[in-house]
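Fold and geometry: a report
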Amino acid sequence: MTKQNTISFYSHLRAQFKDIYESDHYKEEHFILSPQGVHLFTVKGKLLNFCANNYLGLANHPEIIESARKALDLYGYGMASVRFICGTHEIHKQLEQKISNFLQTEDTILYSSCFDANGGLFETLLTEKDAVISDRLNHASIIDGVRLCKATRFRYNHADMTHLETKLKSAQKYRYRIIATDGVFSMDGDVALLNEICDLADRYNSYVMVDDSHATGFFGNTGRGSIEYRNVINRVGIITSTFGKALGGGSGGFTSGRKEVIDILRQRSRPYLYSNSLSPITTAATLKAIDLISNSRNLIKKLHENVKYFRTSIISAGFKIKPDNHPIVPIMIGDASTAKNVADQLLLEGIYVIAFSYPVVPKDTARIRFQISAAHEKADLEVAVSALENLQPSIINGS
Ligand SMILES: *Cc1c(COP(=O)(O)O)cnc(C)c1O
């Protein structure tokens, strides 16, 4: 670039940044000074945490830390290779097998993240002869994954089964059709209507893909996710999910399903072929996380009780919340600056929650999102409930 052009490029970026900053869409990063958990030391003092995806409190569970330590001793730190060159340990295969058993699928392939699992999925399986029918509120990684493939894209209004059916009718002329949906939508905590989606898929000869990142490990009776909650375990063709939330919260993701699907992903999926293997530390820790969940329902039960207590209490306090028994509990405020004020006020009382507003959620549906964990004690939840009860009644009425 010429010097002139370079100067212009930087000034273009500065203007864009200024715009973000001045329109209240700037995302600040708050430093936390202690390990992830319910009680955090941060630059803003000691906070009670309600905004992590640490649903089972496994992020710093002693047995997980111990497994990670052992893996470090046994396998060392780095893989420095992709899987098919010299990046596969026995524990990678064990983790794939364990996930397949857990989700009752035939095979599983690991990725560095669920973002990568979704990014490497559609392009590998579909061509311009095919179609993807996607919920409008799907996670950015599904949207990007679909963008990378040449299949025709249809979008249906969020959770609108009539609209999905219309789109399926339009997509009949394509060779193969995949309906793609989040299992649980992170901004509302609502669960995809997977039983109805599977019925429609049967009627319109389509395949179903679910990204269960906000459900794997803790949601449903035994933690199999939204597919268990909606009773469709063997009806969903492809499941993608993350290790970065309930399953220890380190990093990594996977795609699980039929052998034919996983076989071809292993040969062709670009984020798998061209990106580093999951570190042994994360792999071993995730294996332990799945063992902990499989061997005892205690954490899932405690999470369930916490969610029930919190939801019931804030409904009695007069707040409107969306149904479904998910630990994501958005408190609907409406106005963006009111939501921000509420979050700031809660922060002053030591409660760490985030306000979400446009463009992350639709205009005038700003909200405060609470995320409940099995690591919360009843006393922690009581603190949050009483802080919410003490908010101005006008805020509740505005909801
Ligand atoms: C969090 C999330 C992801 C991203 O997972 P990573 O493993 O952190 O990349 C993908 N999809 C959904 C639905 C998510 O909630």
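As the structure is a computational prediction, the values presented were derived from the model and not from experiment. (Residues numbered from 1 in each chain as written. Predicted model: local features only at pLDDT ≥ 70, side-chain atom pairs only at ≥ 80, totals over all residues. Heavy atoms only, no water.)

What follows deals with a nonpolar patch on the surface. Together, M1, F9, Y10 and L13 make up a nonpolar patch on the protein surface, roughly 440 Å² of accessible area in all. Here Y10 shows up in helix 1 (residues 3-22). (Patch = residues over 30% accessible without salt bridge, like charges linked within 9 Å, V, L, I, M, F, W, Y side chains within 5 Å. Areas by Shrake-Rupley, 256 points an atom, 1.4 Å probe, with all protein chains shown as cover. Salt bridge = Lys/Arg side-chain N within 4 Å of Asp/Glu carboxyl O. Helix = DSSP H or I, 4+ residues; strand = E, 2+ residues; numbered from the N terminus.)

In this section: the state of the cysteines. Applying the stated criterion across every chain yields a total of zero disulfides. Distance from the sulfur of C114, which forms no disulfide, to the nearest cysteine sulfur (C149) is 16 Å. Exposure remark for C114: the relative accessible area of 6% places this residue in the buried category. (Disulfide = S-S within 2.5 Å. Buried < 20%, exposed > 50% of the residue type's maximum accessible area, 1.4 Å probe, protein only.)

Turning next to the site of the ligand. Surrounding the ligand, one finds S113, C114, F115, H139, S141, D182, D211, S213, H214, T242, K245 and G252. D211 places a side-chain nitrogen or oxygen 2.5 Å from a nitrogen atom of the ligand. In the model, an oxygen atom of the ligand is placed 3.2 Å from a nitrogen or oxygen of the H214 side chain. Across the complex, the protein chains shield 82% of the 390 Å² of accessible surface that the ligand would expose by itself. (Near = heavy atom within 4 Å. Polar contact = N/O pair within 3.5 Å; in protein donor to acceptor, adjacent residues only side chain to side chain.)

Axis separation between helix 2 (residues 62-75) and helix 13 (residues 280-295) bottoms out at 8 Å; the angle between their running directions is 145°. Crossing handedness for the pair helix 2 and helix 13: right-handed. Only P280, I281, A284, A285, K288, A289 and L292 of helix 13 make contact with helix 2, whose side of the interface consists of E63, I64, S67, A68, A71, L72 and Y75. Among the residues making up the contact of helix 2 with helix 13, the classes are represented as eleven nonpolar, one polar and two charged. (Axes fitted to C-alpha atoms, helices over the stretch in contact; angles between N-to-C directions. Left-handed = near helix turned anticlockwise from the far one by under 90°. Contact = heavy atoms within 4.5 Å. Nonpolar A, V, L, I, M, F, W, Y, C, P; charged D, E, K, R; others polar.)

Here the focus is the packing of helix 8 (residues 161-170) against helix 9 (residues 194-203). Helix 9 packs onto helix 8 with a crossing angle of 20° between their chain directions and a minimal axis gap of 11 Å. One element, helix 8, and the other, helix 9, form an angle in the roughly parallel class. In this structure, the crossing between helix 8 and helix 9 has a hand that is right-handed. The residues of helix 9 that touch helix 8, namely those facing M161, L164, E165 and L168, are E196, I197, L200 and R203. (Parallel < 35°, antiparallel > 145°, perpendicular 65-115°, else oblique.)

Attention now moves to the pattern of salt bridges. In a structure, side chains of opposite charge can pair up when their charged atoms sit close to one another. Within the structure shown, the criterion is met by 19 salt bridges. R203 is paired through a salt bridge with E165; the nearest N and O atoms lie 3.5 Å apart. One end of the pair, R203, is in helix 9; the other, E165, is in helix 8, with 38 residues separating them in the sequence. For R203, a relative accessible area of 55% puts it in the exposed group. One salt bridge connects D263 with K259, and the closest N-O pair in it is separated by 2.7 Å. One end of the pair is D263 and the other is K259, both in helix 11 (residues 259-268) and four residues apart, which spans about a single turn.

With mixed pairing, seven strands are arranged side by side in an open sheet as 3-11-10-9-6-4-5. Looking along the sheet, the strands with just one partner apiece sit at the ends: strand 3 (107-111) and strand 5 (152-156). On average, each strand axis in the sheet is tilted by 20° relative to the strand beside it, whichever way the strands run. Note: strand 10 (residues 238-242) against strand 11 (residues 253-257), five bridges, orientation antiparallel. Bridge pairing links I238 to G257 in strand 11. The sheet contacts of helix 8 involve strand 4 (131-135), strand 5 and strand 6 (177-182), and relative to strand 5 the element is tilted by about 160°. (Pairing = 2+ DSSP bridges.)

Under the domain assignment, the chain is made up of domain 1 (23-52 + 297-393) and domain 2 (62-295). Measuring from the centre of the C-alpha atoms in domain 1 to the corresponding centre in domain 2 gives 27 Å. Tallying the contact residues gives 16 residues for domain 1 and 19 residues for domain 2. Of the roughly 1,400 Å² buried at the junction of domain 1 and domain 2 (both faces included), carbon and sulfur atoms supply 57%. If you look at where domain 1 meets domain 2, you find two salt bridges. Two residues, D188 and K322, come together in a salt bridge whose shortest N-O distance is 3.2 Å. (Domains from an automatic or database assignment. Buried area = accessible area lost by both parts, 1.4 Å probe.)

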